Amino acid sequence: MNAPSSSTTSTVRKASLFYFVFVMFSYTTGGPFGLEGMVSASGPGMGLIFLLVIPFLLSIPVSLVAAELTTAMPVEGGFYRWTRAAFGDFWGFLAGWWNWSASFILGSSYAVMFTDYLTYYFPGINGWTHWLVSFALIVVITWLNIRGIQMVGKAATVLELFMFIPVIAMVVIGFAKWHHNPFVPLVPPHQPFFKAFGVGLALAIWGYAGYEQVSSVAGDVENPQRTYPRALAVVIPLSIATYFLPVLAGMAALGNWQQWNDGYFSTAALLIGGPWLGHLMAFAAMAGAVALLNSTMLTATPMPFALAEDGYLPPFLARRHPRYGTPWIAILISAAIYASLALHSLGDLISIYGWLRGATTALTVLSAWGLRRKQPDLPRVFRIPGGNLGLLYVIALPMAMTCVALGNSPKIAKLWGPCALAAGPVVYFVVKWFAKRAAQKAS
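The rules behind the values
- Residue indices begin from 1 for each chain and proceed along its sequence in written order.
- Reporting of local features is limited, given that this is a predicted model, to residues whose pLDDT is at least 70; pairs of side-chain atoms are given and counted only at 80 or more, and all residues count toward the totals for whole chains, interfaces and linings.
- To obtain the side-chain values, all non-hydrogen atoms of the structure were included, while hydrogens and water were left out.
- Numbered from the N terminus, helices here are DSSP runs of H or I no shorter than four residues, and strands are runs of E no shorter than two.
- As defined in this context, the radius of gyration uses C-alpha atoms, and a globule is described by 2.2 Å times the residue total to the power 0.38.
- For each residue, the accessible area found with a 1.4 Å probe, counting protein chains only, is set against the maximum for its type, and the residue is called buried under 20%, exposed over 50%, and partly exposed in between.
- Each accessible area is a Shrake-Rupley estimate made with a 1.4 Å probe; only the visible protein chains count as cover when residues are assessed.
- Here Asp and Glu are counted as negative and Lys and Arg as positive; His is not counted, and neither are the chain ends.
- Positions of charges follow a simple convention, taking NZ of Lys, CZ of Arg, CG of Asp or CD of Glu.
- Any Lys or Arg side-chain nitrogen located within 4 Å of an Asp or Glu carboxyl oxygen qualifies as a salt bridge.
- Within this scheme, the nonpolar core is defined by two criteria: the residues are buried Ala, Val, Leu, Ile, Met, Phe, Trp, Tyr or Cys, and they are joined through side-chain atoms within 4.5 Å.
- The contact rule is simple, with two residues in contact once any of their heavy atoms fall within 4.5 Å.
- Expected helix span is given by 1.5 Å per residue-to-residue step, counting one fewer step than there are residues.
- In this analysis, rings of Phe, Tyr and Trp, with Trp reduced to its six-membered ring, are considered paired at centre separations within 6.5 Å, and the interplanar angle assigns stacked below 30 degrees, edge-to-face beyond 60, and tilted for intermediate values.
- Nonpolar side chains (Val, Leu, Ile, Met, Phe, Trp, Tyr) within 5 Å and like charges within 9 Å form the patches, drawn only from residues with over 30% relative accessible area and no salt bridge.
- In this analysis an axis means a line fitted to C-alpha atoms, helices contributing only their contacting stretch, and an angle means the value between N-to-C directions, from 0 to 180 degrees.
- Here is the rule for angles: anything less than 35 degrees is roughly parallel, anything more than 145 is roughly antiparallel, 65 through 115 is roughly perpendicular, and the remaining ranges are oblique.
- Definitions for this section: a left-handed crossing has its near helix turned counterclockwise from the far helix by less than a right angle. A right-handed crossing has that turn clockwise.
- Residue type decides the class: Asp, Glu, Lys and Arg count as charged, Ala, Val, Leu, Ile, Met, Phe, Trp, Tyr, Cys and Pro as nonpolar, and the leftover types, Gly among them, as polar.
- Each residue gets a pLDDT score, which is the predictor's confidence in that residue and runs from 0 to 100.
- Here, two cysteine sulfur atoms that lie within 2.5 Å of each other are counted as a disulfide.

1. Structural notes on the overall build of the protein chain
Logical step 1: Per the secondary structure count, the protein chain includes 16 helices and zero strands.
Logical step 2: Whereas a compact globule of 443 residues would reach a radius of gyration of roughly 22 Å, the protein chain reaches 21 Å, a difference of no more than 12%.
Logical step 3: Once the C-alpha set of the protein chain is aligned to its principal axes, its extents read approximately 75 × 50 × 40 Å.
Logical step 4: Out of the 443 residues belonging to the protein chain, those deemed buried represent 59%.
Logical step 5: Put simply, the protein chain shows about 17500 Å² of open surface, and 70% of that area lies on carbon and sulfur atoms.
Logical step 6: Where the 25 positive side-chain charges of the protein chain centre and where its 14 negative ones centre are 6 Å apart.

The following block contains the structure:
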């Protein structure tokens with residue numbers, strides 16, 4: 001295999017801090033949508049507590065790791081190359097492969113989510129027509145990503161600014177109509193505490209995961225040593241507010257926590273502000289799904305490019321577009337897999353995704369320790385505060401949260417999640433075998 005590169009260059013026009021903030025926000029958050037089920041499953045009190053506490057147990061530790069390692073190694077491929085530098089070829093390959101595999105599930109799920117919201121206006125969209133709409137969206141997003149990070153950043157900025165309009169309106173009107181204690185009940189009556197705890201925790205972790213993922217495009221950002229930590233400092237509090245405040249306002253105004261299920265934000269907005277706000281919120285949910293798919297494709301497709309550049313995947317995946325400088329073949333292949341998986345339901349896709357995302361996060365946070373041990377003199381513009389105690393904080397808490405979330409995942413995820421993880425070592429040893437055969441023939 002080729003040595004990992006720390007100076008990967010690109011002809012892609014680089015993104016400024018302003019656009020990169022929206023790329024990061026659209027990937028990690030995208031809006032409050034998708035967390036409504038936490039309210040009815042775990043109770044409004046526990047749900048709101050999770051939305052405030054989980055960032056300190058997952059998002060902030062992972063973002064501190066990403067900030068330190070991005071300033072030390074601002075390369076395309078991000079956490080894949082950090083893991084490889086810290087623990088060697090095998091674990092580095094698994095970080096890249098598991099992440100790319102996870103992106104197939106995540107990208108297809110956002111296309112499905114968009115079409116699910118669209119059926120609110122067009123109930124006749126089902127079966128193959130449902131898939132065709134998802135496929136059409138994937139085609140448009142593929143074109144944007146081939147154009148490069150600046151085009152993706154501009155699209156993310158427009159979509160997220162539009163999303164904020166109804167969300168802010170719902171928060172303001174909801175607080176003006178405050179009639180209920182939003183934290184009561186803490187958990188649903190007559191439901192086992194640990195069941196409510198597990199469901200809410202899993203949803204909160206899904207909502208706050210992925211802050212290391214955007215490091216894969218660090219090479220396409222202006223001055224990543226300064227831009228990446230600054231973007232994190234903006235995006236994390238913005239994400240907390242985006243999740244917490246609309247739920248708080250909805251509970252304070254309506255108090256109907258039993259009715260909060262998937263896709264309920266548009267109904268809650270209608271009850272709080274009237275039809276105009278309900279329709280705006282439905283459109284905002286679709287815009288959020290588009291932004292999430294857009295940024296997922298952007299941050300995931302550099303992974304096969306980096307794996308091919310290092311000799312793990314066929315060389316054609318490392319080809320760049322002659323005009324835009326993007327890994328266009330990797331983008332097209334990823335889009336084709338997104339389209340094939342878009343035939344499945346949203347719930348099944350997300351539950352399996354958690355296993356791949358959790359494994360990648362664990363390798364990422366461990367890389368902070370591995371690189372400090374292996375390359376202690378590596379320049380780090382930003383360093384995780386708190387010395388060894390701070391390092392323990394950023395490693396132990398995300399891994400504990402991941403274990404709890406996987407332990408509470410549904411049966412389909414416990415069946416197929418381990419299978420998805422096991423595919424990584426199989427592919428690695430197959431690739432090594434073919435590489436060894438090729439080397440023997442060449443000699």
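Resuming the write-up.
2. Overview of the pattern of salt bridges
Logical step 1: Under the defined criterion, the tally for this structure stands at seven salt bridges.
Logical step 2: E68 is paired through a salt bridge with R380; the nearest N and O atoms lie 3.2 Å apart. Of this pair, E68 sits in helix α3 (residues 44-72) while R380 sits in the loop between α14 (346-374) and α15 (387-407), and the two are 312 residues apart along the sequence.
Logical step 3: On the accessibility criterion, E68 (0% relative accessible area) is buried.

3. Side note on the nonpolar core
The tendency in soluble globular proteins is for nonpolar side chains to be buried side by side.
Logical step 1: Grouped together as the largest cluster of nonpolar side chains are 144 residues, with contacts concentrated most on F33, I54 and M170.
Logical step 2: Looking at which element gives the most residues to this core, the answer is helix α5 (residues 89-118), with 17 residues.
Logical step 3: If we ignore the near neighbours within four places in the chain, the residues touching I54 are S59, L201, A204, I205, Y208 and M401.

4. Topic: helix α6 (residues 128-147)
Logical step 1: Here α6 is 20 residues long and its end C-alpha atoms lie 29 Å apart, about the 28 Å a rise of 1.5 Å per residue gives.
Logical step 2: Positive backbone phi, at 115°, marks G148, one or two positions downstream of α6.

5. Let's talk about the packing of aromatic side chains
Logical step 1: A full pass over the atoms with the stated rule returns 24 aromatic pairs.
Logical step 2: Where F93 meets Y312, the ring centres are 5.3 Å apart and the plane angle is 50°; that geometry is what we call tilted. Taken together, the residues F93 in helix α5 and Y312 in the loop between α12 (302-309) and α13 (328-341) connect sequence positions 219 residues apart. The pair formed by F93 and Y312 is uniform in burial state, with each residue classed as buried.
Logical step 3: For the ring pair Y208 and Y243, a centre distance of 5.0 Å and an interplane angle of 90° mean the geometry is edge-to-face. Of this pair, Y208 sits in helix α8 (residues 193-208) while Y243 sits in helix α9 (residues 224-254), placing them 35 residues apart in sequence. In terms of burial, Y208 and Y243 fall into one category: buried.

6. Description of unusual backbone geometry
Logical step 1: That bond from V184 to P185 is cis: its omega, -5°, falls within 30 degrees of zero.
Logical step 2: Located in the positive-phi region is H190, a residue other than glycine, with phi close to 60°.
Logical step 3: Locating H190 in the fold gives a position in the loop between α7 (149-176) and α8.

7. Observations regarding the side chain of S134
Logical step 1: Turning to its location among the elements, S134 is positioned in helix α6.
Logical step 2: Look at S134 and you get buried, because its relative accessible area is 0%.

8. Structural notes on a nonpolar patch on the surface
Logical step 1: A surface patch of nonpolar side chains, about 470 Å² in accessible area, is lined by I49, L52, V53, F183, V184 and L186.
Logical step 2: Structurally, I49 can be placed in helix α3.

9. Quick look at the packing of α6 against α13
Logical step 1: Packing of α6 against α13 leaves a shortest axis separation of 10 Å and a crossing angle of 165°. The angle between α6 and α13 falls in the class roughly antiparallel. Both α6 and α13 take part in a crossing whose hand is right-handed. Contact with α6, carried on its side by W131, F135, I138, T142, N145 and I146, involves W328, I331, L332, A335, Y338 and A339 of α13 and no other residues of that element.

10. Details of helix α11 (residues 275-300)
Logical step 1: If you check α11, its first and last C-alpha atoms are 37 Å apart, about what 26 residues at 1.5 Å a residue would give, namely 38 Å.
Logical step 2: Taking burial as the measure, the 26 residues of α11 include 21 buried ones, the bulk of the element.

11. With respect to the packing of helix α1 (residues 17-28) against α11
Logical step 1: With their axes 8 Å apart at the nearest point, α1 and α11 run at an angle of 110° to one another. Classified by the angle their axes make, α1 and α11 are roughly perpendicular. Facing α1, whose interface residues are V23, S26 and Y27, α11 presents A291, L292, S295, T296, L298 and T299.
Logical step 2: Across the contact of α1 with α11, the residue classes break down as five nonpolar, four polar and no charged.

12. A look at the confidence of the model for the protein chain
Logical step 1: A residue-level look at the protein chain finds 95% of positions with pLDDT of 70 or above and a mean pLDDT of 85.
Logical step 2: Taken as a whole, residues 1-12 scores under 50 in pLDDT and shows 39 contacts with residues more than four places along the chain or in a different chain.

13. So, the environment of K374
Logical step 1: You can see K374 is positioned in helix α14.
Logical step 2: Excluding anything up to four places from it in sequence, K374 contacts A85 and A86.

14. A look at the state of the cysteines
Logical step 1: Applying the stated criterion to the full structure yields zero disulfides.
Logical step 2: Residue C403 stays outside any disulfide, its sulfur separated by 19 Å from that of C419, the closest cysteine.
Logical step 3: Take C403: its relative accessible area is 55%, and that puts it in the exposed class.

15. So, the environment of C419
Logical step 1: By the secondary structure assignment, C419 is in helix α16 (residues 411-442).
Logical step 2: Along the backbone, C419 and A289 are 130 residues apart, and their C-alpha atoms lie at a distance of 27 Å.

16. Regarding the environment of N408
Logical step 1: Checked against the element boundaries, N408 lands in the loop between α15 and α16.
Logical step 2: Look at N408 and you get partly exposed, because its relative accessible area is 40%.
Logical step 3: For the pair N408 and G198, spaced 210 residues apart in sequence, the C-alpha separation works out to 5.7 Å.

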